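Examining the three-dimensional arrangement
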Amino acid sequence: MGKTELEQRAVNTIKGLAMDAVQKANSGHPGMPMGMADIGVVLWGEFLSVDPSFPTWPDRDRFVLSNGHGSMLLYSLLHLCGFPMTLDDLRNFRQWGSPTAGHPERHPGLGIEVTTGPLGQGFGMGVGMAIAEAHLREMIGSELVDHRTYGFVSDGDLMEGISSESASLAGHLGLDRLVYFYDDNKISIDGATSKTFSEDVAARFQAMGWSTWDVDGHDREAIRQATGQALMDEERPSLLICHTHIAHGAPTKQDTAKAHGAPLGDDEVRATKVAMGWPPDETFYVPEDVAEFFRAAMDRGAKKRRAWEERLAASPAAGTWRQYFEPPPIRLATSDWGEKLATRSASGALFEQIGEKVPGFIGGAADLVESTKTELSDGGSFSKSNRSGRNIHFGIREHAMGAIVNGMAVHGGLRPYGATFFIFSDYMRPAVRLSALMEAPSIWVYTHDSVFLGEDGPTHQPIEHLASLRAMPNLWVIRPADAGETAEAWEVALNRTSGPTALLLTRQGVPVLDRPPGGLALGGYVLRPGSDVVLVATGSEVWVAVGAAEQLASEGISARVVSLPCWELFFEQSEDYRSEVLGEGIPRVSLEAAATFGWERITGVGGLNIGIDRFGASAPEAAIAEHLGFTIGQVTGEVTRFLDKHR
Ligand SMILES: Cc1ncc(C[n+]2csc(CCOP(=O)(O)OP(=O)(O)O)c2C)c(N)n1
Ligand SMILES: [Mg+2]
């Protein structure tokens, strides 16, 4: 049997598996796997270097399925190539506990690199992976870092704005090892893309500095040639615009939106199998020669992996490699912070130390480097001509920054961060959510964390953002009270490996507190003892709480102050510790310059929550504090009235 014929059988196998799995689950997306099967067979069969016996091999090529609804294509390829993805896993497509979720979640051990589903996120994460590869290759050497990033993207990915942001930066940075295959099938859920999408995609990407190819997405020889040419371009990222047919080969459903996200139906599945010369009564059919075809293809990666391991054992760069890929726990040295300092400035002052101790520390801001104080002064700028740069200038592209940081974080070898004003976390929330879902250790640095940023006004003043980020599972939200807590917050963030951390930092100066060191890692701790009332505060309101406690003391009221910089860490502590800190049977008051939503979890029924349940205002910081009730005198008054009512 010739190669072309065997390849065709490989394509048929994937189409069969995708149709059968969707049919059995009675839900899912058969159209895309059928439409991109030819491309999948060429890419995985001839180009992608991965090793199913060591899926997390650090120098593997990365494959990102940005059109994650076509997950059955990925799962089929993983199964056929011999990754730990069984035929039973395919039979359990979309079922509870199965790794074959509706949209890919992150399972590095199975060969699933990233979570996709929200269209465009994979596109952005692939850009992050390509940045990670380029930087690490420069720092460690191509002997140990030498791979590529491939991705499949769809109409939806290209319509989403995040792909424009990410592509713009990828083209600007000349990420030549990034190769995307665009499933140009002219169909989306609501029908023909002619209703919504008429731009010249090739011209758009060329204008952003990409090479583009027009390819018949079912002509495997053409795909092979274009891929080979794309790999030879050492200047630009590549977009292969593959003209395809959704549900290719289905007699009545090919080229229809119906094939996007619904089972084809038993009759159509049968007719498709008959049309492609496949046994119509077999389900989940994998002929032995096709299995052998993929196993043989995987030998390519396995050989490369073995050679890589031999090089690692002998290479003078192995020590450097370990510094990046196997970093020890981080301890930051303490400093004398003086009397008053914005927490963003304390954070900025730590950068040099972090940069020295953590070689993989890399990142940047969305055009707010100076304001967010996130520059590694000796780090240089990452650019087309300087891959060693550790400061990444994301431009005004928060959406892309979020996805790119995630891509770098899951790539391995790096500890990336992305920075902007807290208010603009809204512009990157989908990526923050995916970092939490993927358990990616991305670090989000958000400064200007409250109304006290002042004159820029309510468009720039976060209100509900704290509550909304706290509601997100697996995200640690840390709002340090002063410089000392800021250093501890960075230590926590840098040592976290199982998920992201958001650091919320002030624009304005806040007093450096007299506090016991180490409390931040517990999420919350007693800053000042007291037995009549407990004032619980975070960030820039902690010193106000301390001031109020002092005034209350002069009125004969013993007020405890609890600093609670991180709810998630606090809720991880024992019940004993928590009730020791918050006290039992003592009235509780919360103080935070943000929406009070959620604070009843801390202060309980009958507690007092001092916050801001309205939009802010454009005015100097002191006026805002006065008008919104955050001066020491006002807080003291409120607490006194609250206690009077309680008595
Ligand atoms: C951000 C986002 N919005 C909406 C969706 C729902 N959705 C899934 S696929 C899709 C579009 C399908 O069209 P296309 O991307 O061309 O995929 P195809 O049908 O060609 O496989 C939409 C709107 C999503 N997954 N993510
Ligand atoms: Mg489409």
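Residues numbered from 1 in each chain as written. Chains lettered and ligands numbered in written order. Predicted model: local features only at pLDDT ≥ 70, side-chain atom pairs only at ≥ 80, totals over all residues. Heavy atoms only, no water.

**Overview of the packing of aromatic side chains**
Quick note on the threshold: Whether two aromatic rings pair depends on their centres lying within 6.5 Å, for rings of Phe, Tyr and Trp, where Trp uses its six-membered ring; planes under 30 degrees apart make the pair stacked, over 60 edge-to-face, and the rest tilted. Secondary structure elements are taken from DSSP: a helix is a run of H or I of four residues or more, a strand is a run of E of two residues or more, and numbering for both begins at the N terminus. Criterion for a charge above a ring: Arg CZ or Lys NZ at most 6 Å from the ring centre, at most 35 degrees from the ring normal.
Per the counting criterion, the structure on display carries 28 aromatic pairs. With 6.5 Å between their ring centres and 70 degrees between their planes, Trp57 and Trp308 make a pair best called edge-to-face. Placement of the pair is Trp57 in the loop between helix H2 (31–47) and strand E1 (62–65) and Trp308 in helix H12 (residues 288–314), with a sequence separation of 251 residues. Pairwise contacts between aromatic rings join Trp44, Phe63, Phe83, Phe152 and Phe181 into one cluster. Over the ring of Trp476 we find Arg496; its NZ or CZ atom is 3.9 Å from the centre of that ring.

**Considerations on the coordination of the magnesium ion (ligand 2)**
Each donor-metal-donor angle would ideally measure 109.5 degrees in four-coordinate tetrahedral geometry, or 90 or 180 degrees in six-coordinate octahedral geometry. Definition in use: As a rule, N, O and S atoms within 2.8 Å of a metal are its donors, except that Na, K and Ca use 3.2 Å; water is not among the atoms, so sites may look incomplete. The buried label goes to any residue with under 20% of its type's maximum accessible area, the exposed label to any with over 50%, and the partly exposed label to all in between, with areas taken from a 1.4 Å probe on protein chains only.
Within the protein, the magnesium ion (ligand 2) binds to Asp155 (OD), Asn185 (OD1) and Ile187 (O); these donor distances fall in the range 2.1 to 2.2 Å. Within one chain, the residues serving as donors to the magnesium ion (ligand 2) are arranged as D-x29-N-x1-I. One end of the pair, Asp155, is in helix H6 (residues 155–159); the other, Asn185, is in the loop between strand E3 (178–184) and strand E4 (187–188), and 30 residues separate them in sequence. Of the two residues, Asp155 and Asn185, neither departs from the other in class, the shared state being buried.

**A few points about the site of ligand 1**
For clarity, the cut-off: Throughout, near means a residue has at least one heavy atom within 4 Å of the molecule or strand. N or O atoms closer than or at 3.5 Å make up a polar contact, with two conditions inside protein: a donor-capable atom paired with an acceptor-capable one, and, for residues adjacent in sequence, both atoms drawn from side chains. Surface accessibility follows the Shrake-Rupley procedure with a 1.4 Å probe radius. Residue values consider only the protein chains on display as shielding. Residues are said to line a cavity or pocket when one of their atoms sits within 4 Å of a point; the points come from a 1 Å grid over protein atoms alone, cavities being sets where a 1.4 Å probe fits but cannot get out and pockets being open sets with protein on both sides within 12 Å along at least five of seven lines. What decides whether a molecule sits in a cavity or pocket is whether more than half of its atoms lie within 2 Å of the grid points.
Contacts to ligand 1 come from 15 residues, most closely from His69, Gly117, Ser154, Asn185 and His260. Residue Asp155 places a side-chain N or O atom 3.0 Å away from an oxygen atom belonging to ligand 1. At 2.6 Å from an oxygen atom of ligand 1 is found a side-chain nitrogen or oxygen belonging to Asn185. Starting from 580 Å² of accessible surface for ligand 1 in isolation, the protein chains cover 74%. Put simply, ligand 1 lies in the second largest pocket. Where the shell around ligand 1 is concerned, the elements lending two or more residues are H6 and E4.

**Some points on the sheet that holds strand E17 (residues 559–563)**
Here is the rule: Strands are labelled as partners when DSSP assigns at least two bridges between them. Only the stretch in contact is used when fitting a helix axis, every axis being a line fitted to C-alpha atoms; angles between N-to-C directions are given from 0 to 180 degrees.
Strand order in the open sheet made by the five strands is E15-E17-E16-E18-E19, with mixed pairing throughout. Each having just a single partner strand, strand E15 (525–528) and strand E19 (608–610) make up the two edges of the open sheet. Averaged over all pairs of adjacent strands, the angle between their axes in this sheet comes to 25 degrees, without regard to strand direction. Strand direction decides the pairing type here: strand E16 (residues 533–537) and strand E18 (residues 588–591), joined by four bridges, are parallel.

**Concerning empty space enclosed by the protein**
Put simply, the rule is: Grid points are joined across faces, edges and corners, and a volume is the space filled by probe spheres set on the points. Side-chain classes follow a simple rule in which Ala, Val, Leu, Ile, Met, Phe, Trp, Tyr, Cys and Pro form the nonpolar group, Asp, Glu, Lys and Arg form the charged group, and the remainder, Gly included, forms the polar group.
For the structure shown, the criterion picks out four cavities of 30 Å³ or more. In this model, the largest cavity occupies a volume close to 70 Å³. Around the largest cavity, the lining residues are Trp44, Leu48, Val50, Pro55, Arg60, Asp61, Phe63, Leu78, Phe83, Gly111 and Glu113. Taken as a whole, the second largest cavity spans an internal volume of roughly 60 Å³. Phe63, Val64, Leu65, Leu74, Pro104, Gly111, Ile112, Glu113, Val114 and Thr116 are the residues that line the second largest cavity. At three residues, E1 tops the list of elements feeding residues into the lining of the second largest cavity. Looking at the lining of the second largest cavity, its residues break down into seven nonpolar, two polar and one charged.

**Looking at the side chain of Arg390**
Put simply, the test is: A residue counts as positive if it is Lys or Arg and as negative if it is Asp or Glu; His and the chain ends are not included. Salt bridge, as used here: a side-chain nitrogen of Lys or Arg that lies within 4 Å of a carboxyl oxygen of Asp or Glu. Note on contacts: a residue pair qualifies if any of its non-hydrogen atoms lie within 4.5 Å across the two residues.
Position of Arg390 relative to the elements: it lies in the loop between helix H15 (369–372) and helix H16 (398–411). Among buried Asp, Glu, Lys and Arg side chains, Arg390 stands out as unpaired, with Asp378 the closest opposite charge at 8.4 Å. The residues contacting Arg390, other than those within four sequence positions of it, are His135, Gly355, Val358, Pro359, Phe361, Ile362, Gly363, Leu376, Gly379, Gly380 and Phe382.

**Focus on helix H13 (residues 318–325)**
Heads up, the rule is: Each C-beta atom gives one direction from the helix axis, and the arc is the one those directions make.
By the burial criterion, the buried members of H13 are Ala318, Trp321, Tyr324 and Phe325. Along the axis of H13, the buried residues cluster in a sector spanning 120 degrees; they form a single face. Structurally, H13 contributes buried residues whose contacts are with helix H5 (121–140) and H12.

**Some points on the layout of surface pockets**
Quantified by volume, the largest pocket comes out at close to 620 Å³. Lining the largest pocket are 35 residues, with Phe325, Pro327, Gly412, Gly413 and Leu414 sitting closest to its centre. Mapped onto the lining of the largest pocket, the elements with two or more residues apiece are H13, H16 and helix H19 (483–495). No other element matches H13, which puts four residues into the lining of the largest pocket. Its residues assigned to classes, the lining of the largest pocket comprises 18 nonpolar, nine polar and eight charged. Considering only enclosed or pocket space, the second largest pocket measures out at about 300 Å³ in volume.

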